[in-house]
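Commentary on secondary and tertiary structure
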Amino acid sequence: MAKLRYGEAQAGNPAAGGRLPGLLRQLYVQVLIGIALGVLLGWYDPGLATTLKPLGDAFITLIRAVVPPIIFATVVVGIAKMGDMRRIGQVGVRALIYFEAVTTLALLIGLVVGDLIRPGAGMHVDPASLDPKEVAAYVAGAKSMTIADFLVKMIPTNLVGDIARGEIMPVLVMAVLFGFALCRMGERGRRLVELIDDFTHAVFGVVRIVMYLAPVAAFAAMAFTIGKFGFATLANLGLVIACVYLTSVLFVVVAFELIARLLGLNLWKIIRYFKDELLIAFSATSGEAMIPRSIAKLEAMGCSQEVVGLVLPTGFSFNMAGTAIYMTTAVLFIAQATDIPLSFGQQLTILFVMLFTSKGAAGVTGGGFVALAATMPAIGVLPVGGLALLLGVDRFMAEIRAVTNLFSNIFATVAVAKWVGALDEARCRRVLDMEDAEERVDRPASAPPISAE
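Below or above, wherever it landed, is the structure these notes cover. If you're wondering where the values come from, they're calculated on a predicted model, not measured in any experiment. (Residues numbered from 1 in each chain as written. Predicted model: local features only at pLDDT ≥ 70, side-chain atom pairs only at ≥ 80, totals over all residues. Heavy atoms only, no water.)

Glancing now at the layout of surface pockets. The space that makes up the second largest pocket amounts to roughly 280 Å³. Only α5 (85-117), α9 (168-183) and α16 (305-318) provide two or more residues apiece to the lining of the second largest pocket. Its residues placed into classes, the lining of the second largest pocket shows 13 nonpolar, three polar and no charged. (1 Å grid on protein atoms, 1.4 Å probe; cavity = no way out; pocket = protein on both sides within 12 Å on 5 of 7 lines; lining within 4 Å. Points joined across faces, edges and corners; volume = space filled by probe spheres on them. Helix = DSSP H or I, 4+ residues; strand = E, 2+ residues; numbered from the N terminus. Nonpolar A, V, L, I, M, F, W, Y, C, P; charged D, E, K, R; others polar.)

The subject of this paragraph is the packing of helix α12 (residues 238-263) against helix α20 (residues 394-419). Axis separation between α12 and α20 bottoms out at 10 Å; the angle between their running directions is 10°. It follows that α12 is roughly parallel to α20 by the angle criterion. Note on element contacts: α20 touches α12 through Phe-396, Met-397, Glu-399, Ile-400, Thr-404, Phe-407, Ser-408, Phe-411, Ala-415 and Lys-418, opposite Val-240, Ile-241, Val-244, Tyr-245, Ser-248, Phe-251, Val-252, Phe-256, Ile-259, Ala-260 and Leu-263. Tallied by class, the residues present in the contact of α12 with α20 amount to 16 nonpolar, three polar and two charged. (Axes fitted to C-alpha atoms, helices over the stretch in contact; angles between N-to-C directions. Parallel < 35°, antiparallel > 145°, perpendicular 65-115°, else oblique. Contact = heavy atoms within 4.5 Å.)

The next subject is the nonpolar core. By size, the foremost hydrophobic cluster in this structure holds 136 residues, and its most contacted members are Phe-59, Tyr-98, Phe-251, Phe-256, Met-301, Leu-390 and Phe-411. Counting residues per element, this core draws most heavily on helix α4 (residues 53-82), which supplies 15 residues. Setting aside anything within four residues of it in sequence, one finds Phe-411 in contact with Tyr-98, Phe-256, Ile-259, Ala-260, Leu-265, Leu-267 and Ile-270. Among the nonpolar cores identified, the runner-up in size contains five residues, and Leu-41, Ala-49, Leu-52 and Ala-220 belong to it. (Core = buried A, V, L, I, M, F, W, Y, C linked by side-chain atoms within 4.5 Å. Buried < 20%, exposed > 50% of the residue type's maximum accessible area, 1.4 Å probe, protein only.)

Take the pattern of salt bridges next. Two side chains of opposite charge can pair, provided their charged atoms sit close to one another. Following the criterion strictly, the structure yields seven salt bridges and no others. Between Arg-293 and Asp-276 there is a salt bridge whose closest N-O contact spans 3.9 Å. In this pair, Arg-293 sits in helix α15 (residues 291-300) while Asp-276 sits in helix α14 (residues 275-284), placing the two residues 17 residues apart along the sequence. Here Lys-297 makes a salt bridge to Glu-277, at a shortest N to O gap of 3.1 Å. A residue pair is termed long-range when its members are at least 10 positions apart, and Lys-297 in helix α15 and Glu-277 in helix α14 qualify at 20 residues. Glu-277 sits in the buried class, given a relative accessible area of 0%. Within the structure, one salt-bridge network assembled from shared partners comprises Asp-276, Glu-277, Arg-293 and Lys-297. (Salt bridge = Lys/Arg side-chain N within 4 Å of Asp/Glu carboxyl O.)

By convention here, two paired aromatic rings are described through the distance between centres and the angle between planes. Counted according to the given criterion, the structure contains seven aromatic pairs. Centre to centre, the rings of Phe-256 and Phe-407 are 5.9 Å apart; their planes meet at 55°, and the pair counts as tilted. With Phe-256 in helix α12 and Phe-407 in helix α20, the pair connects residues that are 151 residues apart, well separated along the chain. Here Phe-256 falls in the buried class, since its relative accessible area comes to 1%. Following the ring pairs from residue to residue traces out a cluster consisting of Phe-251, Phe-256, Phe-407 and Phe-411. Between the NZ or CZ atom of Lys-297 and the centre of the ring of Tyr-273, over which it lies, the distance is 4.8 Å. (Phe/Tyr/Trp six-rings, centres within 6.5 Å; stacked < 30°, edge-to-face > 60°. Lys NZ or Arg CZ within 6 Å of the ring centre and 35° of its normal.)

Here it is as structure tokens:
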């Protein structure tokens, strides 16, 4: 896809052209330095730190601006080059099966850890003392988000308008239809496919330019978080934050390691390969902004173009594992903090509701908290005002939410590609083992055929 060398795909920063010594050429090192400096500034001068928020927001906005056209172009070209509707259906069905299984597993792990650690136990908060007005805006925005509304929003209304608004699912649906149409156009369709493919190279060039700002954006975003909320907030509700982080790490280490072993993949090498994207998502609290770079690197490691184009963006609506973990932990925290017991049956009911509300909030700003706001009235057991207990620390949990959501969908793409026989395993091993730091890792000229098994 993008013209990247392997070393640059790992470092990911155009500044790595030889002007910086040693490790400083690596994007993840630059981002780590930015995060550390941001923490120091947020602690030393909170007032100045909070004014830097526009720098982080500008970076995310610039990246998100190219996400819809990249998704549209990638899916169209992938489908048109493959030319087999049955194979596309096979990828879609298997991806949805994987998404539902993994999301359910994330919810279950969240319930187990929340019940064992009990982060809200001993707080004894009187539900009557909670002011629902503090979260009224979130609840009002969440009331209309049902699964039916979500499915309706998947239907494109205007392709240009959907791209301009950053609506991923309508763009994806239209891209699939457009790709199918090009398959039926013969030679005329192939000429248009080549033109769209050239367009993707230009857009990925834009992404590479914007990535110059990644360390600055990480610095600004972390400075704002510490300056705005401070370490005192962390101390007050540190246990619930630690619970979300612990559950997310356990989910990746246990669940994904098991899946990786079943499929013959190496989880830790995949994490190492995508460390730049994960660090940026952590500091900027946005996994969606890393979709363009993730697409390029997934194709570079041997995942076929059509699988990447279909699975990765779809996962950001159907496979929000980080959001699922956050929601289960938060609900248990509120119940424990307000001394409201939840039976095992009630917890399973909440889990079922969350399977839908986590998807209904896809694409909404602050989606994790909004999804939680949609869940509280639906279960009808806990006080909606209990959300106010989490307002001050939601930003800290948004960081691990973004990382878990991003990696969950990266890993899902690799797993589905392996499952359907659309992973170039020799190329994958070569890239993940970093055998040649100067090896070209452009998108393969032709995707490996998808198995009919």
